[in-house]
Amino acid sequence: MKVGIVGIGMTPFGVHEEPFYNIAYEAAKKALEDAEIERHELDNVVLGGYDVSVGRTISNMYTAPAAGGYLKDEIRVSDDALYALALAYMRIKSGIFDVAMVLGYGHCSETPMELVELLTLDPLFHRDTGLSYQMSYAMQSYAYKMKYGVEDEVAAEVVVKDRKRASKYEYAHVREEVTVDDVLSSQMSVFPLRELELPPWSDGCVALILAEETMAKRINPEPIWVEGLGWNTENYHLGSRDLAELSSTRKAAQMAYKMAGCDAKSVEAAEIMDLTPYHHLMALEALGFAEDGRGEELIQSDFNANSSGGALCTNAHGTTGLFLAASLALQIRNEIDMGISHAVSGYAAQNSVVAILGV
Amino acid sequence: MKRVAVVGVGQTNFRTRRDDKTHPELTREAVSRGLEHAGITMDDVDAFVFGTMDPFDGINCPDRWSSTAAGLGKPFMKISTGGTTGLTTGIAAYQHVASGLFEVVVAVCTQRVGENVDAQPVLNTAVDPIYERHSGVGAISVAAIQATVHMQKYGTTEEQMAWVSVKDHENALKNPYAHIQKKIGVEDVLSSPVVSSPLKLYECCPRSDGSVAIVFASEEKAEQMRDNPAWVIAESSISDSYFVGDRPDLAVWDSLSIAGRRLYRLAGIDDPKKDIDVAELYSPFTIQEILELEALGFADKGEGARLAEEGVTFIDGDMPTNPSGGVLCTNPIGATGLVRLGEASLQVMGEASNQVDGAEVALAHAWGGTLQFHALMLVSSHKKLRR
């Protein structure tokens, strides 16, 4: 039995004046309209997002009703909402449910994100270091850059390509095109990352409707199937890690490829959570598209990575990964047959989740 | 649908503060005990599901810290749904196995409410900042409203509610992990200070630090691991509307009735009083056990208050409820629901510290939000219910 995506709803990403639950409602409503089903046809709701990135304790109290959860079975993953896709898959695969609303939410303008992320540091070993979330990503970038001798221009080129694609994508947050010179002359933010090499903090919501195979075909003649899923976690203690690679992504990808019965060669497109240009390269390598240290060769090729503009252009903490998966699903609906999407969470990409979608 | 069982339960001691251990150390303690109970090691675990309510722990996303102690290098997923977190974490872990993706999955919930000066102001931040937050509403105040309405509508008395507390405290004396271990009588309850009228101190739960872990296994693995697994029969959860003011009648918990009805239909239960032997309910306040017993069909509407008073819910009564001492004596908020499932599982394994004679079917329950969510799981010593 397969599980398919039969409805896709996304809000524009940016800074929203409306409260996050109204944005969530908009995404959910769009997904129902896209699937051409009514709210009562859902039998469960799977939410994904963090309390802190919307500024409310038990934030699913607000998003469950917005997602159509009134008097329905509901659960929330408190992590990137791509995990919610995995959980919804298991709930349907097990035979317990037929049709799920998966809703991811992020509303970074509600709260000081850097400060909030500092609170994820444990009080004994890490908190006194005052290490910011961005610093941990900069440390990984630096480790990777030094290990493989990646030039600044290569990193800048990643940004240029992401921005170019985002400029043509209606849902993306940052859509102004930039040149390599613009990137290299932007202010150094957290070494080795310049201002234009860091993602924005975005607001926005994503809703996907998942259904069991038979139901899926009833709802939509061409569902997008969830072919593979994988997720994994790395060591919390940064000092115990090899920061020059995304090992949890690698393990998650192995699980997903095994489930899908394929490898990177069968995948036509990737939507990756590139919180820095170096993470773009590291993710492509961890997902099996290039040998370690050779991700930059893909930048010069016509490989289809981040046609959405990636996390460097749209980053609603809590649903960035589901945004990428939904963007991939839209591509599969129109152009390609199989793609992979990816998300990371935590300091220095501690956790990873990967989804392979196809027709 | 693939059959799944609980094969191991591990708990830490629950106390006001567990300053002797860090978050991951508490997690590891519960997980180690759960694995030991199942007779397996960390290598045998395919995936972890972790639950907590971050705003209580004094650290955001403590799962990231704790996962290195239990879950490193494995699929690890974090669940958080409010007061129901413990049980929805159990439900998610069950679904991991039921999907066929994993054979052995550990659900673990660690919560350190002791990191807060007070839990109620934290809960108040869940309430809408414009319409309801200024009223100061938290868990105690909504429970007090439920009590007031129930007293007015059905004539429930303070003495009747006090009996619930007497019963839970008596049970907790037999549970080595329980937080509050103190023998009290009805007079002690009635003369304790009022916290939120009409609820008095001994009618309100403590705030606890601690951790609980439950090992779930596929049918084949479960039968290899032990001869008395607790088979998961059914689960159900429900989300109501957001505002407390939108509830039609606070004297009845209708959303729990709906969730209960769905659970019973899945399990093939027509009379919960006969078909269920023991219940572990999420009742941090005495009135809530009464409302829950009514909503779940163990008592008629308005009659729930008589159950403790008449001894029905005591360990030797017809419907033993919270033989562990319940939430009234131990409440590590985001872990509490999983403790309910752990205690319910131990009852049908025949290994509970305060064992109900011959218990074969046990119900675990949790509620969350401001009366918004419920989660339920039913476990049995049989793969299918007897009837």
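Residues numbered from 1 in each chain as written. Chains lettered and ligands numbered in written order. Predicted model: local features only at pLDDT ≥ 70, side-chain atom pairs only at ≥ 80, totals over all residues.

*Asks:* Please clarify how the overall build of chain A should be interpreted in this entry.
*Replies:* If you tally the helices and strands in chain A, you get twelve helices and twelve strands. What you see for chain A is a C-alpha radius of gyration of 19 Å, in line with the 21 Å of a compact globule of 359 residues. Expressed along its principal axes, the backbone C-alpha trace of chain A runs to roughly 55 × 40 × 40 Å. Counting across all 359 residues of chain A, residues that qualify as buried make up 65%. Taking the intrachain contacts of chain A between residues at least 6 apart in sequence as the baseline, contacts between residues at least 24 apart amount to 77%. (Helix = DSSP H or I, 4+ residues; strand = E, 2+ residues; numbered from the N terminus. Rg over C-alpha atoms; globule rule 2.2 N^0.38 Å. Buried ≥ 20, exposed ≤ 12 C-beta atoms within 10 Å, placed from the backbone. Contact = placed C-beta atoms within 7 Å.)

*Asks:* Would you mind showing me how to read the overall build of chain B here?
*Replies:* Looking only at helices and strands, one finds 14 helices and eleven strands in chain B. Its C-alpha atoms give chain B a radius of gyration of 19 Å, within 12% of the compact-globule value 21 Å for 387 residues. In terms of overall dimensions, chain B has C-alpha extents of about 55 × 45 × 40 Å along its principal axes. Each of the 387 residues in chain B was classed as buried or not, and the buried ones make up 66%.

*Asks:* For this particular structure, what's the right way to read the pairing of strand β4 (residues 99–107) of chain A?
*Replies:* It is a general feature of regular strands that their side chains alternate between the two faces of the sheet. All names here are of chain A. Most of β4 is tucked away: nine of the nine residues are buried. Residues Val-99, Met-101, Leu-103, Tyr-105 and His-107 of β4 are buried on one face, and the alternating residues Ala-100, Val-102, Gly-104 and Gly-106, pointing to the opposite face, are buried as well. Sheet topology places strand β2 (residues 44–48) next to β4; five bridges connect them, and they run parallel. The partner of Gly-48 across the bridge, within β4, is Gly-104. (Pairing = 2+ DSSP bridges.)

*Asks:* Please explain the nonpolar core as it appears in this structure.
*Replies:* One broad trend across soluble globular proteins is that nonpolar side chains are buried collectively. Of all hydrophobic cores here, the largest spans 268 residues; its most connected members are Ala-24 and Leu-103 of chain A. Setting aside anything within four residues of it in sequence, one finds Ala-24 of chain A in contact with Thr-63, Ala-66, Ala-67, Leu-103, Tyr-105 and Cys-205 of chain A. (Core = buried A, V, L, I, M, F, W, Y, C linked by C-beta atoms within 7 Å.)

*Asks:* Looking at this structure, how should I read helix α3 (residues 85–98) of chain B?
*Replies:* Count 3.6 residues to each turn of an α-helix, and residues three or four apart come out pointing the same way. Residue and element names in this part refer to chain B. For α3, which comprises 14 residues, the first-to-last C-alpha distance of 19 Å matches the rise-based estimate of 20 Å (1.5 Å per residue) to within 8%. Burial of α3 is extensive: 14 of the 14 residues sit out of reach of the surface. Two residues or fewer past α3, Gly-100 is found with a positive phi of approximately 85°. (Expected span 1.5 Å × (residues − 1).)

*Asks:* How should I be thinking about unusual backbone geometry in this particular structure?
*Replies:* A negative phi angle characterises most non-glycine residues, just as the trans form characterises most peptide bonds. The linkage connecting Phe-191 of chain A with the following residue, Pro-192 of chain A, adopts the cis geometry, with an omega of 5°. Summarising the element assignment, Pro-192 of chain A is placed in the loop between β5 (188–190) and β6 (193–194). In the segment running from Ser-197 of chain B into Pro-198 of chain B, the intervening peptide bond is cis, with an omega of 5°. Among the secondary structure elements, Pro-198 of chain B is positioned in the loop between β5 (194–196) and β6 (199–200).

*Asks:* Would you explain helix α1 (residues 20–35) of chain A in this entry?
*Replies:* Residue and element names in this part refer to chain A. Taking 1.5 Å per residue as the helical rise, α1 with its 16 residues ought to reach 22 Å, and the 23 Å between its terminal C-alpha atoms agrees with that figure. Listed in full, the buried residues belonging to α1 are Phe-20, Tyr-21, Ile-23, Ala-24, Tyr-25, Glu-26, Ala-27, Ala-28, Ala-31, Leu-32 and Ala-35. Those residues of α1 hidden inside the fold are in contact with β1 (3–10), α2 (60–66), β4, β7 (203–212) and α8 (213–219). Just downstream of α1, Glu-36 is the residue with a positive phi angle, here 55°.

*Asks:* Would you mind showing me how to read the interface of chain B and chain A here?
*Replies:* Often, the extent of an interface is quoted as the loss of accessible area on bringing the components together. Facing 48 residues of chain B, the contacting portion of chain A comprises 45 residues. Of all the secondary-structure elements, those providing two or more residues to the side of chain B that touches chain A are α2 (62–66), β3 (76–79), α3, α4 (119–124), β8 (230–239) and α9 (254–267) of chain B. The element best represented in the side of chain B that touches chain A is α3 of chain B, accounting for six residues. Residue classes in the side of chain B that touches chain A are distributed as 20 nonpolar, 22 polar and six charged. (Nonpolar A, V, L, I, M, F, W, Y, C, P; charged D, E, K, R; others polar.)

*Asks:* Explain the packing of α3 of chain B against helix α14 (residues 333–349) of chain B to me, please; I cannot follow it from the model alone.
*Replies:* Describing two packed helices takes the angle between their axes plus the distance from one axis to the other. Residues and elements named next belong to chain B. The interhelical angle for the contact between α3 and α14, taken along N-to-C directions, is 60°, at an axis separation of 5 Å. Looking at the two axes, α3 sits oblique to α14. Contacts between α3 and α14 involve Thr-85, Gly-86, Leu-87, Thr-89 and Gly-90 from the first element and Gly-334, Ala-335, Thr-336, Gly-337, Leu-338, Val-339, Arg-340 and Leu-341 from the second. When grouped by side-chain class, the residues that make up the contact of α3 with α14 number five nonpolar, seven polar and one charged. (Axes fitted to C-alpha atoms, helices over the stretch in contact; angles between N-to-C directions. Parallel < 35°, antiparallel > 145°, perpendicular 65-115°, else oblique.)

*Asks:* Can you walk me through the environment of His-279 of chain A in this structure?
*Replies:* All names here are of chain A. For His-279, the location among the structural elements is in helix α10 (residues 277–286). Residue class for His-279 comes out buried when judged on the 28 C-beta atoms lying within 10 Å of it. Remark: the alpha-carbon pair of His-279 and Glu-245, spanning 34 residues in sequence, is separated by 8.8 Å.

*Asks:* So what exactly am I meant to see when it comes to the environment of Lys-200 of chain B here?
*Replies:* All names here are of chain B. Looking at the secondary structure, you find Lys-200 in strand β6. Taking the C-alpha atoms as reference, Lys-200 lies 7.1 Å from Leu-190; in sequence the two are ten residues apart. Ignoring anything within four residues of it in the chain, the contact list for Lys-200 reads Val-189, Leu-190, Ser-192, Pro-193, Val-194 and Val-195.

*Asks:* Can you walk me through the packing of helix α6 (residues 152–166) of chain A against α10 of chain A in this structure?
*Replies:* Residues and elements named next belong to chain A. Where α6 contacts α10, the axes come no closer than 8 Å and their chain directions differ by 90°. The orientation of α6 relative to α10 falls into the category roughly perpendicular. Contact with α6, carried on its side by Ala-155, Val-158 and Val-159, involves Pro-277, Tyr-278 and His-280 of α10 and no other residues of that element. Of the residues belonging to the contact of α6 with α10, the class tally is five nonpolar, one polar and no charged.

*Asks:* Please clarify how the pairing of strand β11 (residues 373–380) of chain B should be interpreted in this entry.
*Replies:* Residues and elements named next belong to chain B. β11 sits mainly inside the fold: eight of its eight residues count as buried. Neither face of β11 is exposed, since Phe-373, Ala-375, Met-377 and Val-379 on one face and His-374, Leu-376, Leu-378 and Ser-380 on the opposite face are all buried. Strand direction decides the pairing type here: β8 and β11, joined by eight bridges, are antiparallel. Looking at the pairing, Glu-235 lines up with Met-377 of β11. Pairing geometry for strand β10 (residues 361–368) and β11, over eight bridges, is antiparallel. Opposite Gly-368, over in β11, you have Phe-373 as the bridge partner. Where β10 folds back on β11, the antiparallel hairpin that results is connected by four residues, among which Gly-369 adopts a positive phi of roughly 70°.

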